[in-house]
Amino acid sequence: MFEVSSAYRRVLLKLSGEVLMGGANFGIEAQTLSRIASELHKTVQLGVQLGVVIGGGNIFRGSGLTASGIDRVSADYMGMLATVMNGLAMQDALQKIGVDARVMSAIRMNTICEHYTRSLANSHLEKGRITIFVAGTGNPFFTTDSAASLRAIELDADLMIKATKVDGVYDSDPVTNPRAKRFSQLSYNQVIHLELNVMDTTAVVLCRDNQMPLRVINISKVGTLARAIAGFDEGTLIVNEEDKIKGNDHE
């Protein structure tokens, strides 16, 4: 099928909805969507099996809706539906450049996408299809970060990547603090202890307890995703303490 040149057999990518906004304040910027689709295409050309969990914060974020007075459960379901919109948009962008892609939802909506099952997802991935997972876990009170950790673990991914607008994890906000230092690697316990807000605690603990390595990268930089999947030291690597490389924390 493909000549494998990736450092990993299977990767789960967590793509935040905010990334799809590009320079806009809301929704999906067409140029950004096309560029990210091209970045995903590069990964399958490396021979990796790629799953994508996509967020919905560019349209609706459950926590924000709750703050405006909407019931938490209703707000979370609205956020899940926003991820479906993003997933369908990404599938369309991929198909336009000749990439075989499938959307799988944790909530049944068979008229527009497939219902998620582990066996069917494995089948799609093994056939080289980019498989986009939407609607989170299908349950309120769980973030798409937790959904990404769950999918990475149950689908036996070799690596989970969190794609953001920042090139890794910093000891403080690099936007407001020009002296902020980037970590080249961290342990999961450090992430929790230092309250670094990489992902919600449930997602972090899932990865820690199941030995799932996580790399945080800036997908806005062209080629970063492919480089991370090819094994280059991009962004910040988060692993269990025993897997850290000594003397290689702060950059």
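Just so it is clear, the model here is predicted, and its values are computed rather than measured. (Residues numbered from 1 in each chain as written. Predicted model: local features only at pLDDT ≥ 70, side-chain atom pairs only at ≥ 80, totals over all residues. Heavy atoms only, no water.)

Peer 1: How do you make sense of the packing of helix α1 (residues 30-45) against helix α3 (residues 72-96) when you look at a structure like this?
Peer 2: Contact geometry for α1 and α3: axes closest at 9 Å, N-to-C directions at 65°. Relative to α3, α1 is oriented roughly perpendicular. In the crossing of α1 with α3, the sense of the turn from one axis to the other is right-handed. Of α3, the residues touching α1 (which contributes L33, I36, A37 and L40) are A89, M90, A93 and L94. Of the residues that constitute the contact of α1 with α3, the class distribution is 8 nonpolar, no polar and no charged. (Axes fitted to C-alpha atoms, helices over the stretch in contact; angles between N-to-C directions. Helix = DSSP H or I, 4+ residues; strand = E, 2+ residues; numbered from the N terminus. Parallel < 35°, antiparallel > 145°, perpendicular 65-115°, else oblique. Left-handed = near helix turned anticlockwise from the far one by under 90°. Contact = heavy atoms within 4.5 Å. Nonpolar A, V, L, I, M, F, W, Y, C, P; charged D, E, K, R; others polar.)

Peer 1: How do you make sense of the pairing of strand β6 (residues 159-164) when you look at a structure like this?
Peer 2: By the criterion of burial, β6 is predominantly enclosed, with 6 of the 6 residues buried. The side-chain alternation of β6 yields two buried faces, one formed by L159, I161 and A163 and the other by M160, K162 and T164. (Buried < 20%, exposed > 50% of the residue type's maximum accessible area, 1.4 Å probe, protein only.)

Peer 1: Which parts of the structure should I look at to understand the nonpolar core?
Peer 2: In globular proteins that are soluble, nonpolar side chains generally tend to be buried together. If you look at the biggest cluster of nonpolar residues, it comprises 40 residues, and the most contacted ones within it are L15, L40, M90, L94, I130, I132 and I161. Elements with a minimum of two residues in this core: β1 (10-15), α1, β2 (49-54), α3, β3 (101-105), β5 (130-134), β6 and α8 (224-229). Sorting elements by how many residues they give to this core places α3 first, with 6 residues. Leaving out residues up to four positions away in the same chain, I130 has contacts with L40, V44, L50, V52, L94, V99, D100, A101 and R102. In terms of nonpolar packing, the next biggest core, distinct from the first, is built from 29 residues, M104, A147, A157 and L214 among them. (Core = buried A, V, L, I, M, F, W, Y, C linked by side-chain atoms within 4.5 Å.)

Peer 1: How do you make sense of the sheet that holds β2 when you look at a structure like this?
Peer 2: The pairing of strands in a sheet happens through backbone hydrogen bonds and is either parallel or antiparallel. Spatial strand order, β4-β3-β5-β2-β1-β6-β10-β11-β9: 9 strands in an open sheet with mixed pairing. Pairing within the sheet leaves two strands with one partner each, and these edge strands are β4 (114-115) and β9 (185-187). Together, β1, β2, β5 and β6 form the strand contacts of helix α5 (residues 144-154), whose direction differs from that of β1 by roughly 175°. (Pairing = 2+ DSSP bridges.)

Peer 1: Looking at this structure, I do not really get the packing of aromatic side chains. What am I missing?
Peer 2: Each aromatic ring pair is specified by the distance between its two centres and by the angle formed by the two planes. Taken as a whole, this structure holds 1 aromatic pair when the rule is applied. Looking at R151, its charged tip hangs above the ring of Y116, at a distance of 3.8 Å from the centre. A cation over an aromatic ring shows up here: R227 above the ring of F232, its NZ or CZ 4.3 Å from the ring centre. (Phe/Tyr/Trp six-rings, centres within 6.5 Å; stacked < 30°, edge-to-face > 60°. Lys NZ or Arg CZ within 6 Å of the ring centre and 35° of its normal.)

Peer 1: Is there a simple way to think about the pattern of salt bridges in this case?
Peer 2: Opposite charge on two side chains lets them pair, provided their charged atoms get close. What the rule picks out here adds up to 14 salt bridges. Note that R102 is salt-bridged to D100, the shortest N-O span being 2.6 Å. A salt bridge links R215 to D233; its shortest N-O distance comes to 3.2 Å. Of this pair, R215 sits in strand β10 (residues 214-218) while D233 sits in the loop between α8 and β11 (236-239), and the two are 18 residues apart along the sequence. Judged by its relative accessible area of 6%, R215 is buried. Overall, D233 belongs to the exposed group, its relative accessible area being 53%. Salt bridges linked by common partners bring D100, R102, E114 and R129 together as one network. (Salt bridge = Lys/Arg side-chain N within 4 Å of Asp/Glu carboxyl O.)

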